[in-house]
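Chains, contacts and geometry: an overview
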Amino acid sequence: MANFEEQLTALESVVEKLERGDLSLDESVHLFEEGLKLSNACKKELEAAEGRIQVLVEQGRNAMRVVDLDVETSGEE
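Read on for an overview of the structure. (Residues numbered from 1 in each chain as written. Predicted model: local features only at pLDDT ≥ 70, side-chain atom pairs only at ≥ 80, totals over all residues. Heavy atoms only, no water.)

With that settled, consider the overall build of the protein. Along the backbone of the protein there are two helices and zero strands. Counting all 77 residues of the protein, 10% fall into the buried class. For the protein, the exposed area adds up to about 7000 Å²; of that, 54% sits on carbon and sulfur atoms. (Helix = DSSP H or I, 4+ residues; strand = E, 2+ residues; numbered from the N terminus. Buried < 20%, exposed > 50% of the residue type's maximum accessible area, 1.4 Å probe, protein only. Areas by Shrake-Rupley, 256 points an atom, 1.4 Å probe, with all protein chains shown as cover.)

In structure tokens:
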């Protein structure tokens, strides 16, 4: 399977071809379908990356949590 960057480049190519407007209806529909598949694949990868980032941020918050310590003093001042 292609990586995110390859899928995004392919999607951009599809959009450029569709924007030119020189394709037949059948070609346009076929490219539109391909574009939707690529768009959904990119979205899925972005959502997975966002989920991983959220986990990392939460782990970072937990690691940096401030904790009050009860320190016993021996009565000496």
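A few words on the pattern of salt bridges. For the coordinates displayed, the defined rule picks out two salt bridges. A salt bridge links D22 to R20; the shortest N-O distance between them is 4.0 Å. Just as D22 is exposed, R20 falls in that class too. For R61, the salt bridge goes to E58, with nearest N and O atoms at 3.5 Å. (Salt bridge = Lys/Arg side-chain N within 4 Å of Asp/Glu carboxyl O.)

Attention shifts here to the packing of helix α1 (residues 4-20) against helix α2 (residues 25-63). Where α1 meets α2, the closest approach of the two axes is 9 Å, and the angle between their N-to-C directions is 150°. Taken as axis vectors, α1 and α2 run roughly antiparallel relative to one another. With respect to the hand of their crossing, α1 and α2 are arranged in left-handed fashion. Contacts between α1 and α2 involve F4, Q7, L8, A10, L11, V14, K17 and L18 from the first element and S28, L31, F32, E34, G35, L38, S39, A41, C42, E45 and L46 from the second. (Axes fitted to C-alpha atoms, helices over the stretch in contact; angles between N-to-C directions. Parallel < 35°, antiparallel > 145°, perpendicular 65-115°, else oblique. Left-handed = near helix turned anticlockwise from the far one by under 90°. Contact = heavy atoms within 4.5 Å.)

It is worth spelling out α1 at this point. Here α1 spans 25 Å end to end across 17 residues, near enough to the 24 Å set by a 1.5 Å rise per residue. Along α1, the positions that sit buried rather than exposed are F4, Q7, L11 and V14. Projected onto a plane normal to the axis of α1, the buried residues spread over an arc of 85° and lie on a single side. More than 90 degrees from the buried face of α1, the exposed residues found are E5, E16 and R20. Of the surrounding elements, those touching the buried residues of α1 are α2. Measuring from the side-chain oxygen of the N-cap residue of α1 to the backbone nitrogen of E5 gives 3.1 Å; that N-cap residue is N3. (Expected span 1.5 Å × (residues − 1). Arc of directions from axis to C-beta. Polar contact = N/O pair within 3.5 Å; in protein donor to acceptor, adjacent residues only side chain to side chain.)

Helix length check: α2 (39 residues) gives 57 Å between terminal C-alpha atoms against 57 Å at 1.5 Å per residue, within 8%. Turning to α2, its buried residues number three or more, namely L31, G35, L38 and C42. Buried positions along α2 lie against α1.

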